[in-house]
Amino acid sequence: RYRDLKKMQWSWLIVMVNFGLHALRSSRFAKHVEPYVEFSGEKLLSGAWYCLILPTFFHSTWSHVLNNMIMLMGCTFTLEARIGGAALLAAYVLTGAAGWLSTWAVSRWRHGPIGNCIPSTGSSPATYGLAAMFAVLCWTCQPPFGNVEGWLWFVLMWLVPFHCAPKRTTTTRCCWTALAAFSFFVAWLTDLQFTATVWWVAYLLKSFEWRVQELVLEKKHWTTCDNGAHLGGAVVGLAAGHFCFENFGTAPIPLSVVGLQALCVAFLTFRVWFNW
């Protein structure tokens, strides 16, 4: 478990930039940054290549940035210790760009030419990508929680972002709280070891439970999640992780872990195909 978080300068820089840019977007200077906030195929076709990079550092709401940064901090510190800060930043930008190209392709497939005009923003493609890369390169490592035990971080990542989200009903919040409490109980009872693989699976499980809450309790038969971006970022993150494993891996990846990664990609593909 890597505990010297003060040396992880690039990880902190990415987190600070994300929070800082969202604060800027929420301030009276929003009009100056708004043209750079969202990705769309229309922007890219017009020559605005920066839309493959900058939207990965912006978010739509405070709950959005909080959720993504909690998930990001679970993997970036260990990844930075393993591959270096510059490589970490490059992977963040690369998986983000792959996610935007993927969501553009999905939008065109689903909506035709109108898909060029569908915008998206957030670090989610990079967060999914780095979590996937983390699950490959550091599959035996534990996330660097410092002095905070794994189960507490698990409750934090499930509970806090959801309760900061706007427009959630009391029933939904109560059910989500009960689910987080159950997660705490299971983690405490089983003394769950939070390896990188468990972290990524927990991330996907949280997004799945969030969708079930929307469908069952809020009667939303559509999803606001950009599943295309998540899939693109995750696939490129996995590919980059396996490409780098020969240089940074310390032990062969068991077939069971590879199979689990394939199941995770299949789950993300299912969500894209059915828009679920």
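All figures in this text were calculated on a predicted structure; none of them were measured in a lab.

## Structural notes on the packing of helix α5 (residues 76-83) against helix α6 (residues 85-111)
Here is step 1 of the chain: As a packed pair, α5 and α6 sit with axes 7 Å apart at the nearest point and diverge in direction by 125°. On the basis of the axis angle, α5 is oblique to α6. Contact residues: T76, L79, E80 and I83 in α5; G85, A87 and L88 in α6.
Here is step 2 of the chain: Along the lines of polarity and charge, the residues of the contact of α5 with α6 split into four nonpolar, two polar and one charged.

## Quick look at the packing of aromatic side chains
Here is step 1 of the chain: Applying the stated rule across the entire model yields six aromatic pairs.
Here is step 2 of the chain: Ring geometry for F39 and W100: centres 5.8 Å apart, planes at 15°, overall stacked. With F39 in the loop between α2 (30-33) and α3 (41-45) and W100 in helix α6, this pair connects stretches of sequence that are 61 residues apart. For the residue pair F39 and W100, the accessibility class agrees, reading buried in each case.
Here is step 3 of the chain: Measuring from centroid to centroid gives 5.2 Å for W109 and W273, while their planes differ by 35°, and the two rings are tilted. You can see W109 sitting in helix α6 and its partner W273 sitting in helix α12 (residues 255-274), a full 164 residues away along the chain.
Here is step 4 of the chain: Taking the relative accessible area as the measure of exposure, W109 reaches 48% and is therefore partly exposed.

## A closer look at a nonpolar patch on the surface
Here is step 1 of the chain: Residues W109, F270, W273 and F274 make up a contiguous nonpolar surface patch of roughly 520 Å² in combined accessible area.
Here is step 2 of the chain: Per-element tally for the nonpolar patch: the top contributor is α12, with three residues.

## Things to note about the side chain of R271
Here is step 1 of the chain: In this fold, R271 is placed in helix α12.
Here is step 2 of the chain: Classification of R271 by relative accessible area gives buried; the value is 1%.
Here is step 3 of the chain: Once residues within four sequence positions are removed from consideration, R271 is found in contact with S207, F208, R211, T223, C225, N227 and W276.

## Concerning the side chain of H22
Here is step 1 of the chain: Relative to the elements of secondary structure, H22 occurs in helix α1 (residues 9-25).
Here is step 2 of the chain: A distance of 3.4 Å separates a polar side-chain atom of H22 from the backbone nitrogen of W62.
Here is step 3 of the chain: Excluding anything up to four places from it in sequence, H22 contacts H59, S60, T61, W62 and V65.

## Brief notes about the confidence of the model for the chain
Here is step 1 of the chain: Taken as a whole, the chain shows an average pLDDT of 82; of its residues, 82% reach a score of 70 or greater.
Here is step 2 of the chain: By mean pLDDT, helix α8 (residues 150-164) is the weakest element of the chain at 67, and α6 is the strongest at 94.

## Quick look at the nonpolar core
Here is step 1 of the chain: L79, L130, M133, L137 and W200 are the most contacted members of the largest nonpolar core, which has 45 residues in total.
Here is step 2 of the chain: Mapped by element, the contributors of at least two residues to this core are α1, α4 (62-73), α5, α6, α7 (124-137), α10 (196-216), α11 (227-248) and α12.
Here is step 3 of the chain: If you look at the next biggest cluster of nonpolar residues, it comprises eight residues, including C51, L52, A97 and A229.

Thresholds, definitions, all that
Residues numbered from 1 in each chain as written. Predicted model: local features only at pLDDT ≥ 70, side-chain atom pairs only at ≥ 80, totals over all residues. Heavy atoms only, no water. Axes fitted to C-alpha atoms, helices over the stretch in contact; angles between N-to-C directions. Helix = DSSP H or I, 4+ residues; strand = E, 2+ residues; numbered from the N terminus. Parallel < 35°, antiparallel > 145°, perpendicular 65-115°, else oblique. Contact = heavy atoms within 4.5 Å. Nonpolar A, V, L, I, M, F, W, Y, C, P; charged D, E, K, R; others polar. Phe/Tyr/Trp six-rings, centres within 6.5 Å; stacked < 30°, edge-to-face > 60°. Buried < 20%, exposed > 50% of the residue type's maximum accessible area, 1.4 Å probe, protein only. Patch = residues over 30% accessible without salt bridge, like charges linked within 9 Å, V, L, I, M, F, W, Y side chains within 5 Å. Areas by Shrake-Rupley, 256 points an atom, 1.4 Å probe, with all protein chains shown as cover. Salt bridge = Lys/Arg side-chain N within 4 Å of Asp/Glu carboxyl O. Polar contact = N/O pair within 3.5 Å; in protein donor to acceptor, adjacent residues only side chain to side chain. pLDDT = per-residue confidence, 0-100. Core = buried A, V, L, I, M, F, W, Y, C linked by side-chain atoms within 4.5 Å.

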